[in-house]
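# Analysis of the macromolecular model
Residues per chain are reported as follows:
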Amino acid sequence: HNSRSSHAWVVLGLLFAGSVVNYMDRAVLGVVMPQIRSDLALTNTDYGLAVNAFLSMYMIFYIVGGGVADRLGCRRTYLITVAFWSVASALHALARGLLSLSVLRALLGMGEGMFYPTALRGATEWFPPKNRAKAVGIILCGASVGVLITPPIVAWLTIRYGWRTAFLLTGVSGFLLLLPWVNIHRKIRQAFGVADPAPALAESQQADASDPITLREVLTRRKYICLLAARSMTDTAWYFYLFWISGYFQDVRGFDLGTIGRRLWIPYLSADVGALVGAWVSSALIARGFGLDRSRKVTLMASASLCVLGAQAYAADSSAWALGLISIGLFGHLAWSSNLHTAISEVAPPKFVALLYGITGASGTLLGAITQPLIGHTVDRVGYEPAFQAVAVLYLTAMALLMSAGKIERIVARVTRLPATVVELPQ
């Protein structure tokens, strides 16, 4: 048991590292955007097209990757997705104009979109419910660590060697994960006689045999629809913070680029802490006998309440208060995400867990992409205040959806009862 547990944490460490590199590789373009626009003679509209090429493929392959991970398991799909996006990222060094940049962004989106459903499959395969939110929280932490470390690393590389070298070196970094991944699974095979002795794998095979539920039936259940909608709402709020918060502090709070560099890491560090605290709180409640449903929901409602508070940043008297409130909001968001993403895996039948998770991620990305132009239009016309108010409404709506979803437990096929046969006894 101890051997299995130690292997599980090594696997999780590599999933976390994959999450860091995943976000790092997608964030490089934003850091070197002025240099690329100048060198490749691109307009802001061109840049927007390249970003949308990434988001479109990312959305589609979030679902495709879920299907592949359910079929091949986490072990094989991790190798495929990390290798694919690392090559695509490094090839950005060869971009010559809008078309080649857009094609490379699309390829990056294909590779990166497959990663998070694969990672969630890994967390589900290796961790029981009492520790699963911790595993998911650590994987999600990797995303904001990636956002945190990319600007200084990429700025340093670009100043010294140019933006093409920055893409090449960050892209190649993904290959550093593949040898340890193969190595840990070789050790797992030696220890257990099979490459994937994950506890949840046997459980999912038993569930597949005993539960005839179809994918279509799960997709039409209120429980799944409510959780999907709740994730879509809050992912949209996260995209607002990710893409607009730097502009808000420069346009409204008077930060210059140097101040942005010195201060804007604070909300993302706060988000990392939130991912871990949210996961540990719900795990502690489960350990104290609160039950899975109650533990997840108590943590989720508290986390979303912090997000609503954070969205009041627009009304803050000072920029320090605004930064503090946004930090509280992002702490709440990743505490919410650790538990909601885990809850999605807990209601999904094991045979569809990565695919169903992938569909929720794709819907969140789609809603995030649709709302970007609306946010831009609103900010141009009346400023940031309505956008912050909308963020608060999104979290309040997500809380209502969570309570409408019913109990957090696995969705199973409905039992069709045959009419009872009345047997006439002889008089």
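Residues numbered from 1 in each chain as written. Predicted model: local features only at pLDDT ≥ 70, side-chain atom pairs only at ≥ 80, totals over all residues. Heavy atoms only, no water.

## Focus: the overall build of the protein
Across its full length, the protein holds 17 helices and zero strands. Radius of gyration (C-alpha) of the protein: 23 Å, near the 22 Å computed for a compact globule of 427 residues. With the principal axes as the frame, the protein shows a C-alpha extent of 95 × 50 × 40 Å. Among the 427 residues that make up the protein, the fraction classed as buried is 55%. Of all intrachain contacts in the protein linking residues separated by at least 6 positions in sequence, the fraction that spans at least 24 positions is 86%. Approximately 18,600 Å² of the protein is accessible, and the part contributed by carbon and sulfur atoms is 65%. Positive and negative side-chain charges of the protein, numbering 35 and 22 respectively, have mean locations separated by a distance of 6 Å. (Helix = DSSP H or I, 4+ residues; strand = E, 2+ residues; numbered from the N terminus. Rg over C-alpha atoms; globule rule 2.2 N^0.38 Å. Buried < 20%, exposed > 50% of the residue type's maximum accessible area, 1.4 Å probe, protein only. Contact = heavy atoms within 4.5 Å. Areas by Shrake-Rupley, 256 points an atom, 1.4 Å probe, with all protein chains shown as cover. Lys, Arg positive; Asp, Glu negative; His and termini not counted. Charge placed at Lys NZ, Arg CZ, Asp CG, Glu CD.)

## Quick notes on helix α3 (residues 44-90)
One turn of the α-helix equals 3.6 residues, which is why residues spaced by three or four share an orientation. In a regular helix each residue adds 1.5 Å, so 47 residues correspond to 69 Å; α3 covers only 23 Å between its end C-alpha atoms and thus falls short of that length. Taking the largest bend as the criterion, α3 deviates by roughly 125 degrees, centred on G73. (Expected span 1.5 Å × (residues − 1). Bend = angle between axes of the 7 residues up to and from the residue.)

## A short note on the state of the cysteines
Tallied over the full model, the rule gives zero disulfides. Cysteine C141 remains unbridged, with the sulfur of C307 as its closest cysteine sulfur at 15 Å. (Disulfide = S-S within 2.5 Å.)

## What to know about unusual backbone geometry
Even without being a glycine, A41 presents a positive backbone phi close to 55 degrees. Along the polypeptide, A41 turns up in the loop between α2 (33-40) and α3. For A41, a relative accessible area of 64% corresponds to the exposed category.

## Concerning the packing of α3 against helix α16 (residues 353-382)
Running from N to C, α3 and α16 cross one another at 175 degrees; their axes reach a closest spacing of 7 Å. By the angle class used here, α3 and α16 are roughly antiparallel. In contact with L55, Y58, M59, Y62, I63, G66, G67, A69 and D70 of α3, α16 contributes V353, A354, L355, Y357, G358, I359, G361, A362, T365, L366 and A369. Split by residue class, the contact of α3 with α16 holds 14 nonpolar, five polar and one charged. (Axes fitted to C-alpha atoms, helices over the stretch in contact; angles between N-to-C directions. Parallel < 35°, antiparallel > 145°, perpendicular 65-115°, else oblique. Nonpolar A, V, L, I, M, F, W, Y, C, P; charged D, E, K, R; others polar.)

## Let's talk about a nonpolar patch on the surface
On the surface, a nonpolar cluster with roughly 580 Å² of combined accessible area is contributed by V87, L91, L94, L168, L169, V172 and F175. The leading source of residues in the nonpolar patch is helix α7 (residues 163-172), at three residues. As for its position among the elements, F175 is in the loop between α7 and α8 (178-192). Take F175: its relative accessible area is 37%, and that puts it in the partly exposed class. (Patch = residues over 30% accessible without salt bridge, like charges linked within 9 Å, V, L, I, M, F, W, Y side chains within 5 Å. Salt bridge = Lys/Arg side-chain N within 4 Å of Asp/Glu carboxyl O.)

## So, the pattern of salt bridges
On inspection of all chains with the given rule, the structure shows eight salt bridges. Note that K297 and D293 form a salt bridge whose closest N and O atoms lie 3.1 Å from each other. Separated by four residues within a single helix, K297 and D293 lie in helix α14 (residues 292-310), roughly one turn from each other. The class of D293 is buried, set by a relative accessible area of 19%. Here E346 ties to R296 by a salt bridge, and the two come within 2.7 Å at their closest N and O atoms. With E346 in helix α15 (residues 319-347) and R296 in helix α14, this residue pair connects regions lying 50 residues apart in the sequence. Its relative accessible area of 7% is what places E346 among the buried residues. By sharing partners, the salt bridges in this structure join D70, R121 and E125 into a single network.

## Points about the packing of aromatic side chains
With the rule as written, the count across this model stands at 20 aromatic pairs. With centroids separated by 3.8 Å and ring planes inclined at 15 degrees, the aromatic side chains of Y78 and W181 adopt a geometry described as stacked. With Y78 in helix α3 and W181 in helix α8, the pair connects residues that are 103 residues apart, well separated along the chain. Taken individually, Y78 and W181 each receive the classification buried, so the pair is uniform in this respect. Judged by centre distance (6.1 Å) and plane angle (70 degrees), the rings of W156 and Y161 are edge-to-face. Residue classification places W156 among the partly exposed residues on the basis of a relative accessible area of 42%. The structure contains a cluster of three or more aromatic residues connected by ring pairs, namely F240, Y241, Y248, F249, F255, Y314, Y384 and F388. Over the ring of Y23 we find R26; its NZ or CZ atom is 3.9 Å from the centre of that ring. The residue whose ring lies beneath R231 is Y357, and the NZ or CZ to ring-centre distance is 4.8 Å. (Phe/Tyr/Trp six-rings, centres within 6.5 Å; stacked < 30°, edge-to-face > 60°. Lys NZ or Arg CZ within 6 Å of the ring centre and 35° of its normal.)

## A look at the side chain of Q372
Tracing the backbone shows Q372 in helix α16. A polar atom in the side chain of Q372 sits 2.7 Å from the side chain of W244. With residues up to four places along the chain from it excluded, the contact list for Q372 reads Y239, F240, F243 and W244. (Polar contact = N/O pair within 3.5 Å; in protein donor to acceptor, adjacent residues only side chain to side chain.)

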